[in-house]
Amino acid sequence: MSELDSVSAYNLDAQDPLANYRDRFVNKDPELIYLDGNSLGRLPRATIGRLQDVIEKEWGDRLIRGWNEGWFRLQESVGGKIAKLIGAEPDEVVVADSTSVNLFKLTLAAIRAQTGRHKIITDDLNFPSDLYVLQSTADLQSGSYIERISSEDDIHGPTEQISNALNDGTALLTLSHVTFKSGFIYNMALLSQQAREVGALTLWDLSHSAGSIEVNLRGSGADLAVGCTYKYLNGGPGAPAFLYVRRELQERLGNPLAGWFGQKNMFALDLDYQPESGIRRFLTGTPTILSLAAVENGVDLLNEVGIANLRKKSVAQTEYLIHLHDRYLAPLGFKVNSPRSPQMRGSHVSIGHPEGWRINQALIEEKKVLPDFREPDNLRLGIAPIYTTYADLYTAVMRIRSVVQDELYLKYDEARSEVT
Ligand SMILES: *Cc1c(COP(=O)(O)O)cnc(C)c1O
């Protein structure tokens, strides 16, 4: 790629076999460059009609009968569709609760099953909420402690140090498959296998990998996983999360947040808890049907395109974006805070600048570019290949350049807002 002018961006879009999918999403403002699909995916057009039906026909007309007309099995049926995106079997994935809650349930389930083992290994690139959850589960299981391994450059995961830390005292290894700040991809197969060799279980957070890169949970030998549906799966704000438990482990693990949705014959209303067999035992209470229904169309779209095709475009786009960065933004004091090797990089590129926060505000307020900001100085540019165009990337880089060159950021406040 030598010609990095806007003409080449338009050429790349013209040759893009996935280009038509952009129109399957709501896109009211053609001027807006949306680079935050890794925090909140766009609204699929089909979801609007689906939600209208769920509200007017299912809730409005069918009322309580809705439970027997699809709602009761919806957590499993949508889970089965997500399973296709992450290399799992349909009966290994279920949609429920939030990622943090699912992480809590599966972490505690795992460490309780690992009698005599006390160490939980994670890293300092993990999402803060994950670390908080790990701490509270460790507090509930006497003797448990966390070994948090540090990345040397804050970009690449400390794979070798993690391998070295795995031993026969390790109960659980848990990591974000793709790290939220730098977008580094861990080698799931390698670490899952090394964990298994010492008898440790693995739990992968797929929030930034589901729907953006190829994930093969079964093929990698991963034991457990959780992940978001409102990011690359386009499920909508606060949409319920998913969890995966490898089939062979399902009967061995208990749900530490037992509830009636995981009870065997739940409508017998037995007073003593007896877990349902299979993945349902990891359910707790009544699912949020409205937001659960909103997840399905986004997942269907990704399955229609195929994750291999999405990944191919995502790699081409992150490569293109880094080329543009090197040419237009590096001279202005930016640096790439994501792996340069595409095999190690997910679908977002973080670029750091000492004035990152103020630049981010100017982009949002004046330039109609929506990235997001991650401390200390990162603009995180998220690419959702199902709707991001090459022209989006070119235009975004030109607008970022102009914010810095024209010093548009100077009038913004250094103080952070409540939600960054
Ligand atoms: C986005 C994200 C979460 C979010 O968890 P919620 O419970 O939905 O708030 C958790 N973990 C990771 C790695 C994430 O990227």
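Residues numbered from 1 in each chain as written. Predicted model: local features only at pLDDT ≥ 70, side-chain atom pairs only at ≥ 80, totals over all residues. Heavy atoms only, no water.

A separate point is the overall build of the chain. Looking only at helices and strands, the chain has 12 helices and 13 strands in total. C-alpha extents for the chain along the principal axes are approximately 70 × 55 × 40 Å. Expressed as a percentage of the 420 residues in the chain, the buried residues total 57%. Total accessible area on the chain stands at roughly 17,600 Å², and carbon and sulfur atoms take up 51% of it. (Helix = DSSP H or I, 4+ residues; strand = E, 2+ residues; numbered from the N terminus. Buried < 20%, exposed > 50% of the residue type's maximum accessible area, 1.4 Å probe, protein only. Areas by Shrake-Rupley, 256 points an atom, 1.4 Å probe, with all protein chains shown as cover.)

Let's shift gears to the pairing of strand β8 (residues 242-245). Side chains of β8 alternate between two faces, with Phe-242 and Tyr-244 and Leu-243 and Val-245 buried alike. As defined by bridge partners, strand β2 (residues 93-95) adjoins β8 across three bridges and the pair is classed as antiparallel. Residue pairing across strands places Val-94 opposite Leu-243, the latter belonging to β8. Taken together, the four bridges between strand β7 (residues 224-227) and β8 define a ladder with antiparallel strand orientation. Counted as the bridge partner of Gly-227 is Phe-242 from β8. (Pairing = 2+ DSSP bridges.)

Our focus in this paragraph is the nonpolar core. If you look at the biggest cluster of nonpolar residues, it comprises 55 residues, and the most contacted ones within it are Ile-82, Ile-86, Trp-204, Leu-206, Leu-217, Phe-242 and Ile-386. Sorting the residues of this core by element identifies α3 (74-85), β2, α6 (159-165), β5 (170-176), α7 (188-197), β8, α9 (289-305) and α10 (307-329) as the ones contributing at least two each. For this core, the leading source of residues is α9, giving eight residues. Each of two domains, domain 1 (2-30 + 306-411) and domain 2 (48-304), supplies a minimum of three residues to this core. (Core = buried A, V, L, I, M, F, W, Y, C linked by side-chain atoms within 4.5 Å. Domains from an automatic or database assignment.)

Here we take up α3. With 12 residues, α3 ought to run about 16 Å at 1.5 Å a step, and its terminal C-alpha atoms sit 17 Å apart, in line with that. Immediately downstream of α3, the backbone of Gly-87 shows phi near 70°, a positive value. (Expected span 1.5 Å × (residues − 1).)

Where burial is concerned, most of helix α11 (residues 356-366) is hidden: eight out of the 11 residues are buried. Taken as a whole, α11 has its buried residues at Gly-356, Trp-357, Arg-358, Ile-359, Asn-360, Gln-361, Ala-362 and Leu-363. Buried residues belonging to α11 abut β11 (369-370), β12 (372-374), β13 (378-382) and α12 (390-405). Directly beyond the C-terminal end of α11, a positive phi value near 55° is found at Lys-368. (Contact = heavy atoms within 4.5 Å.)

Taken together, Ile-55, Trp-59, Leu-63, Ile-64 and Leu-290 make up a surface patch of nonpolar side chains, about 520 Å² in accessible area. Turning to its location among the elements, Leu-63 is positioned in the loop between α2 (45-62) and α3. For Leu-63, a relative accessible area of 49% puts it in the partly exposed group. (Patch = residues over 30% accessible without salt bridge, like charges linked within 9 Å, V, L, I, M, F, W, Y side chains within 5 Å. Salt bridge = Lys/Arg side-chain N within 4 Å of Asp/Glu carboxyl O.)

Attention shifts here to the packing of aromatic side chains. Using the criterion set out here, one finds 12 aromatic pairs in the structure. Taking the centre distance of 5.5 Å and the plane angle of 85° together, the rings of Trp-260 and Phe-261 count as edge-to-face. When its relative accessible area of 40% is taken as the criterion, Trp-260 is described as partly exposed. Ring centres 5.2 Å apart and planes at 70° place the aromatic pair Trp-357 and Phe-373 in the edge-to-face group. Remark: Phe-373 occurs in strand β12 and Trp-357 occurs in helix α11; sequence separation between them is 16 residues. Each member of the pair Trp-357 and Phe-373 is classed as buried. Following the ring pairs from residue to residue traces out a cluster consisting of Trp-67, Trp-71, Phe-72, Trp-260, Phe-261 and Phe-267. The ring of Phe-127 has Lys-231 lying over it, and the distance from NZ or CZ to the ring centre is 5.5 Å. Over the aromatic face of Phe-72 sits the side chain of Arg-280, whose NZ or CZ is 4.3 Å from the ring centroid. (Phe/Tyr/Trp six-rings, centres within 6.5 Å; stacked < 30°, edge-to-face > 60°. Lys NZ or Arg CZ within 6 Å of the ring centre and 35° of its normal.)

Under the domain assignment, the chain is made up of domain 1 (2-30 + 306-411) and domain 2 (48-304). For domain 1 and domain 2, the distance between their C-alpha centres works out to 29 Å. Both faces considered, domain 1 and domain 2 share a buried interface measuring about 2,200 Å² in area, 60% of it formed by carbon and sulfur atoms. Considering only the side of domain 1, the residues that lose the most area to domain 2 are Ile-307, Met-344 and His-348, jointly responsible for 24% of the buried surface there. Between domain 1 and domain 2 we count one salt bridge in total. Across the pair Arg-24 and Glu-304 runs a salt bridge, and its minimum N-O distance is 3.0 Å. On inspection of domain 1 and its partner domain 2, the count reaches 13 residue pairs in polar contact (both at pLDDT 80 or more). Only α10, β10 (348-352) and β13 provide two or more residues apiece to the side of domain 1 that touches domain 2. If one sorts the elements of the side of domain 1 that touches domain 2 by residue count, α10 sits on top with four residues. (Buried area = accessible area lost by both parts, 1.4 Å probe. Polar contact = N/O pair within 3.5 Å; in protein donor to acceptor, adjacent residues only side chain to side chain.)

Right, let's talk about the site of the ligand for a bit. Contacts to the ligand come from Ser-98, Thr-99, Ser-100, Phe-127, Asp-130, Ser-176, Asp-205, Ser-207, His-208, Cys-228, Tyr-230 and Lys-231. Measuring from an oxygen atom of the ligand, one finds a side-chain N or O atom of His-208 at 3.1 Å. Protein contacts shield 86% of the accessible area of the ligand, which totals 380 Å² for the unbound molecule. Residue classes in the shell around the ligand are distributed as three nonpolar, six polar and three charged. (Near = heavy atom within 4 Å. Nonpolar A, V, L, I, M, F, W, Y, C, P; charged D, E, K, R; others polar.)

With that settled, the discussion passes to the environment of Asp-13. As for its placement among the helices and strands, Asp-13 is situated in helix α1 (residues 6-14). The class of Asp-13 is buried, set by a relative accessible area of 14%. Note: C-alpha distance between Asp-13 and Thr-389 (376 residues apart in sequence) is 6.3 Å. Within the structure, Asp-13 has its side chain in polar contact with the backbone nitrogen of Tyr-390 (distance 2.8 Å).

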